[in-house]
Amino acid sequence: MKLLTYKTQESEEQRLGFIHNNQVIDMEDFGEISNFPLPTTMLELIDMGFELVEELNDMIAETEPVFFEEIAYEMDEVTFLAPIPKPRKNIIGIGLNYTEHVAESARTLDTTGKLPQKPIIFSKPTTTVTATNTDIIKNTKLTSQLDWEVELAVVIGKKAKYVSKEEAMDYVFGYTVINDISARDCRREGQWIVSKGQDTFAPMGPILVTKDEIKNPHNLNLSLKVNGVEKQKSNTKFLLFNINALIEDLSTVFTLEPGDIIATGTPSGVGAGRDPQEWLYNGDVIEATVEGIGTIVNTVKEI
């Protein structure tokens, strides 16, 4: 399923929906016409288990098109919010997880250039989350080196502790896109949270695609443009630690829970790694894309 959190032009209320025949169908309304009560938020849906997604797919296939007409919105009639507008916990970030990005970071940042032997883990507070078509706030009192990082994000579907690589995919609910915005001059003695954790530094979306729709998450093209110029282009097959390995490692360190979000890392092409270095400025437009999920578009706003 292609799931979204949205609001309409008539209301600021956050709604849960899914995309069907290029229209947005409200989840709660679909439950009413199907006489099957359904959740009203993405986290509630995830909590109910992936089996519900399988049931929903069957229900959608069995529903006559005329019934969808009553509860459908055209795509341009709704505002897409982040799929999980307020995660329960910090986003789990993975650093230096593409080989070429390890090399470019070593040239310009305080990293060694050695390939990590274990995943490098950091976190982004929940207040970093913003949606597509919103502003990324550049606080000029804090940073003059604002940078971009397109990433595939994994959403966990059930409690995971000491999970093996072989079983890891059983714990995935779905996928979305994250732009891991980074203030390169805000790193403090090697710690990244000030660099990565400022408000609006995790644009996410535009939708959450359930795992059954992505045949192989380790063969997805991902790219990023700034003002229409391509800066990053790669494929998730080049992940140093793939999703299976990340879930095994993370679930050994701490318990993963439904709705947890793992940003799996970015490929080369970030501004800090360029010669000369490139940064984001007021009015710059960033488009981050992952194959099979979509594109998030955000504009830099300096304050």
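Scroll up a little and you will see the structure.
What counts, and where the lines are drawn
- Residues numbered from 1 in each chain as written.
- Predicted model: local features only at pLDDT ≥ 70, side-chain atom pairs only at ≥ 80, totals over all residues.
- Heavy atoms only, no water.
- Helix = DSSP H or I, 4+ residues; strand = E, 2+ residues; numbered from the N terminus.
- Buried < 20%, exposed > 50% of the residue type's maximum accessible area, 1.4 Å probe, protein only.
- Pairing = 2+ DSSP bridges.
- Axes fitted to C-alpha atoms, helices over the stretch in contact; angles between N-to-C directions.

1. Overview of unusual backbone geometry
The omega torsion of the bond from Gly205 to Pro206 falls at -5°, within 30 degrees of zero and hence cis. Mapping Pro206 onto the fold places it in strand S14 (residues 202-210). Of note, the amide linkage connecting Asp275 to Pro276 takes the cis form, showing an omega dihedral of 0°. Considering the arrangement of structural elements, one finds Pro276 in the loop between strand S17 (261-263) and strand S18 (285-290). The phi torsion at Leu96 lies on the positive side, around 50°, for a residue other than glycine. Mapped onto the elements of the fold, Leu96 is located in the loop between strand S6 (91-95) and helix H5 (99-108). For Leu96, a relative accessible area of 10% corresponds to the buried category. The phi dihedral of Tyr162 is positive, around 55°, even though this residue is not glycine. Along the chain, Tyr162 falls in the loop between strand S11 (150-156) and strand S12 (172-179).

2. Some details on the sheet that holds S18
The 5 strands lie next to each other as S9-S19-S18-S15-S16, forming an open sheet whose pairing is mixed. Looking at the sheet topology across the chains shown, the edges are occupied by strand S9 (134-138) and strand S16 (229-235). Ignoring strand direction, the axes of neighbouring strands in this sheet form an average angle of 20°. Where S9 and strand S19 (residues 294-302) come together, 5 bridges link them in parallel fashion. Note on S19: the bridge partner recorded for Ile137 is Lys301.

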